[in-house]
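Chain residues, written in single-letter form:
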Amino acid sequence: MIVELDVRIDRNSPVPLYHQLAEQLTTAIETGVLKPGDPFENELALAARLSLSRPTVRRAIGELVARGLLVRRRGVGTTVANRVVHRRDELTSLYDDLEGSRRSPRTEVLSLETGEADPGIAETLQVAPGSPVVRIERLRYADDQPLAIMINWLPPAFADITREELTEHGLYAMMRQRGARPVVAHQVIGARSATSRDRRLLGISRSVPLLTMVRHAYAADGTPLEVGDHCYRADQYALDITVRET
């Protein structure tokens, strides 16, 4: 059965109409109002119901198709895509994102150790090369599906973090519990082929690429809190980034 969503369009808003529609459709999918496989209202019916032009509705739907939220199939129509973790351009942890999208996060701690900072890590964390830093490697699951391999380096102030905490909570939640709050980050997004170890841990074939993200996170006063080097299954993970003219 096709769900008719309660969409509110503000024609006095400076936000383009297609973007208002796309954002509300995205929210409906991310919150489970629309579920994977659900048929989607066709653009003619949606345009008529909302008193929008067909090109406006087509552009909004096209944006969701491009994000991987909707799928167009010949003879079937438009349906909600299988569940993919869509991460917005916000400073959150993957654990928080999974919970927010009603997925069940689970963490396997591959390693937790204190080692010497190499020059690159030392420069970012603003410590002397060779200083002790915390290195964490985790395998993150979503609904028992392996999704990401995450390596993080933290300043020695976080040396008391335990495996049990890492299993039960997101990294940023543990930082906040210790009085440190990441508020700004620099991220570099890329892609690469999976190594044999990646394929074994993530349960993927050689043909599945990995989406990569390197993140440097800082507190409000500029204190470095984290260097992260993460890789994600590209068939299960996407980044949503909105850009605006300056």
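Residues numbered from 1 in each chain as written. Predicted model: local features only at pLDDT ≥ 70, side-chain atom pairs only at ≥ 80, totals over all residues. Heavy atoms only, no water.

Engineer: Explain the overall build of the protein chain here, please?
Structural biologist: When helices and strands are tallied, the protein chain shows eight helices and 10 strands. Here the protein chain holds 246 residues, and 46% of them are scored as buried. Put simply, of all contacts in the protein chain between residues at least 6 apart along the chain, 59% involve residues at least 24 apart. Carbon together with sulfur atoms contributes 50% to the accessible area of the protein chain, which is approximately 13000 Å² in total. (Helix = DSSP H or I, 4+ residues; strand = E, 2+ residues; numbered from the N terminus. Buried < 20%, exposed > 50% of the residue type's maximum accessible area, 1.4 Å probe, protein only. Contact = heavy atoms within 4.5 Å. Areas by Shrake-Rupley, 256 points an atom, 1.4 Å probe, with all protein chains shown as cover.)

Engineer: Would you mind going over the packing of aromatic side chains with me for this structure?
Structural biologist: The geometry of an aromatic ring pair is captured by the separation of the ring centres together with the interplanar angle, meaning the angle of the planes. Enumeration according to the criterion identifies zero aromatic pairs in this entry. The ring of Tyr18 carries the charged tip of Arg59 above its face, separated from the ring centre by 3.8 Å. Here the basic side chain of Arg106 rests over the ring of Tyr141, its NZ or CZ set 3.9 Å away from the ring centre. (Phe/Tyr/Trp six-rings, centres within 6.5 Å; stacked < 30°, edge-to-face > 60°. Lys NZ or Arg CZ within 6 Å of the ring centre and 35° of its normal.)

Engineer: Explanation requested: the nonpolar core in the structure shown.
Structural biologist: Side chains of nonpolar character tend, in soluble globular proteins, to be buried together. Leu21, Ile29, Leu34, Phe40, Val57, Leu64 and Leu70 are the most contacted members of the largest nonpolar core, which has 22 residues in total. Listed in part, the 15 residues of the second largest apolar core include Phe158, Leu171, Ala180 and Ala219. (Core = buried A, V, L, I, M, F, W, Y, C linked by side-chain atoms within 4.5 Å.)

Engineer: Looking at this model, I keep getting lost on the sheet that holds strand E9 (residues 224–233). Mind explaining?
Structural biologist: In any sheet, the strands associate via hydrogen bonds between backbone groups, in a parallel or an antiparallel arrangement. Taken together, the six strands give an open sheet; going across it, the order is E4-E5-E6-E9-E8-E7, and neighbouring strands pair in antiparallel fashion. With partners counted over all chains shown, the strands left at the sheet margins are strand E4 (105–116) and strand E7 (184–192), one partner each. Pairwise comparison of adjacent strand axes, ignoring direction, gives a mean angle of 15 degrees for this sheet. (Pairing = 2+ DSSP bridges. Axes fitted to C-alpha atoms, helices over the stretch in contact; angles between N-to-C directions.)

Engineer: How do you make sense of helix H2 (residues 43–50) when you look at a structure like this?
Structural biologist: Because each turn of an α-helix spans 3.6 residues, side chains separated by three or four positions in sequence point in the same direction. For H2, the set of buried residues is Glu43, Leu46, Ala47 and Leu50. Take H2 and look down its axis: the buried residues cluster within an arc of 100 degrees, on one side only. Every exposed residue of H2 that faces more than 90 degrees away from the buried side is listed here: Leu44 and Ala48. Structurally, H2 contributes buried residues whose contacts are with helix H1 (17–30) and helix H3 (54–67). Sitting at the head of H2, Asn42 places a side-chain oxygen 3.0 Å from the backbone nitrogen of Leu44. Of the residues flanking the end of H2, it is Ser51, one or two places downstream, whose phi is positive at about 55 degrees. (Arc of directions from axis to C-beta. Polar contact = N/O pair within 3.5 Å; in protein donor to acceptor, adjacent residues only side chain to side chain.)

Engineer: Mind showing me how you'd approach the side chain of His230 here?
Structural biologist: Locating His230 in the fold gives a position in strand E9. A residue is classified by how much of its surface remains accessible, and His230, at 7% relative accessible area, is buried. One polar contact links His230 to Asn152, side chain to side chain, over a distance of 3.3 Å. Apart from the residues lying within four places of it in its own chain, the contact partners of His230 are Ile149, Met150, Ile151, Asn152, Leu211, Thr212 and Met213.

Engineer: How should I be thinking about the side chain of Glu41 in this particular structure?
Structural biologist: In this structure, Glu41 sits in the loop between H1 and H2. A polar side-chain atom of Glu41 sits 2.9 Å from a polar atom in the side chain of Arg49. If we skip the residues at most four places from it in the chain, Glu41 touches Ile2, Val3, Glu4, Leu46 and Arg49.

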